[in-house]
Amino acid sequence: MEVCRATCHPPAMRMIGLIGGMSWESSAEYYRILNQGVRDALGPTASARCLLWSFDFAEIEALQHRGDWEGLSERLVHAARQLETAGAEGVLICTNTMHRLAAAVEAGVSIPLLHIADPTAERIKADGIRTVGLLGTAFTMEQSFYRDRLARQHGLQVIVPEEADRRTVHRVIYEELVAGQVLPASRAAYRAILARLAEAGAEAVILGCTEIMLLIGPEDSPVPVYDTTAIHAAAAVAWVLTKAPGGGTVAGA
């Protein structure tokens, strides 16, 4: 007898809210991975129950570089509240940098936030790695919000590139990747930076900007790389599919 899957009795699935558009290039990857993961789990016609709030990244980028984190916080909290009102049972922020405001988003809603650093750190620890390099925007590499979470909550030692390399990584993200430009010269520059992080003692490198995966992959690094976009989206798949016995939701995420 053929097993009836999603086409007969669709299983309960939690609704997740995505705060995206920062940039839409990586948000599109989140949407693809989330839906492919649900389809793989439940059958060929299944797709994720999700809501997407997509920002105009030009506005967000301008506020970031002005240092207006209060204004950014107001916008992200508003987005999270709108998603909750629309029926989202959990929310994730589809970017590493804006997790600087994760605590404000968590405080502003009554549904859980799936933090991008946590599943990434868990994957790294499961592989027996304790010292990692971190690539991302200058905000992510230089401010403490991301590195401290990895260190304090997960016991990881974090290495960031030297200043000139940080400038290169940041420039490529904002001038090229968010605009959908993938240039061979930038890939070569990132490869050299990855090599220098490995020489500095990194056992692996976190691709701590959701656009970096558009430019480089495992083949570009002398040490393993951890793509936060793929890991975060996979964690979202697991979350939306997790239900407690009897149909209730599992607390937390």
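So, here is what we can say about the structure in this document. (Residues numbered from 1 in each chain as written. Predicted model: local features only at pLDDT ≥ 70, side-chain atom pairs only at ≥ 80, totals over all residues. Heavy atoms only, no water.)

1. With respect to the pairing of strand β6 (residues 204-207)
The line we're drawing: Accessibility here uses a 1.4 Å probe with only protein chains present; expressed as a share of the type maximum, an area under 20% marks a residue as buried, one over 50% as exposed, and anything in between as partly exposed. Strands here mean DSSP runs of E at least two residues long; helices mean DSSP runs of H or I at least four residues long; both are numbered from the N terminus. Whether two strands pair depends on DSSP finding at least two bridges between them.
Side-chain alternation along β6 places A204 and I206 on one buried face and V205 and L207 on a second face that is also buried. As paired strands, strand β4 (residues 131-135) and β6 are joined by four bridges and run parallel to one another. Bridging across to β6, L134 finds its partner in I206. Both β6 and strand β7 (residues 225-227) contribute to a ladder of three bridges, which runs parallel. Counted as the bridge partner of L207 is D227 from β7.

2. Overview of the pairing of β4
Among the five residues in β4, five count as buried, and that is most of the element. Across the two faces of β4 the burial is the same, with T131, G133 and L135 and V132 and L134 all buried.

3. Some words on the sheet that holds strand β1 (residues 16-20)
Applicable threshold: Helix axes use the C-alpha atoms of the stretch in contact, all axes being lines fitted to C-alpha atoms, and the angles between their N-to-C directions lie in the range 0 to 180 degrees. We call two residues in contact whenever any of their non-hydrogen atoms come within 4.5 Å of each other.
The strand order β2-β1-β3 describes an open sheet built from three strands, whose pairing is parallel. The open sheet has two edge strands with one neighbour each: β2 (50-54) and β3 (90-93). Ignoring strand direction, the axes of neighbouring strands in this sheet form an average angle of 20°. Pairing of β1 with β3, which is carried by four bridges, proceeds in the parallel orientation. Across the sheet, residue L18 finds its bridge partner in β3, namely L92. Sitting on the sheet, helix α10 (residues 228-241) is in contact with β1 and β3, with an inclination near 175° to β3.

4. Thoughts on the sheet that holds strand β5 (residues 157-159)
A sheet is described by the order of its strands in space; here four strands give the open sequence β5-β4-β6-β7, paired in parallel fashion. Of all strands in the sheet, those with a lone pairing partner are β5 and β7, marking the two edges. Strand after strand, the sheet turns through a mean of 30° between neighbouring axes, direction not considered. Bridge analysis of β4 against β5 gives three bridges, and the strand direction is parallel. In the sheet register, T131 faces β5, and the bridge partner there is Q157. Where helix α9 (residues 184-199) meets the sheet, its contacts fall on β4, β5, β6 and β7, and the angle it forms with β4 comes to roughly 155°.

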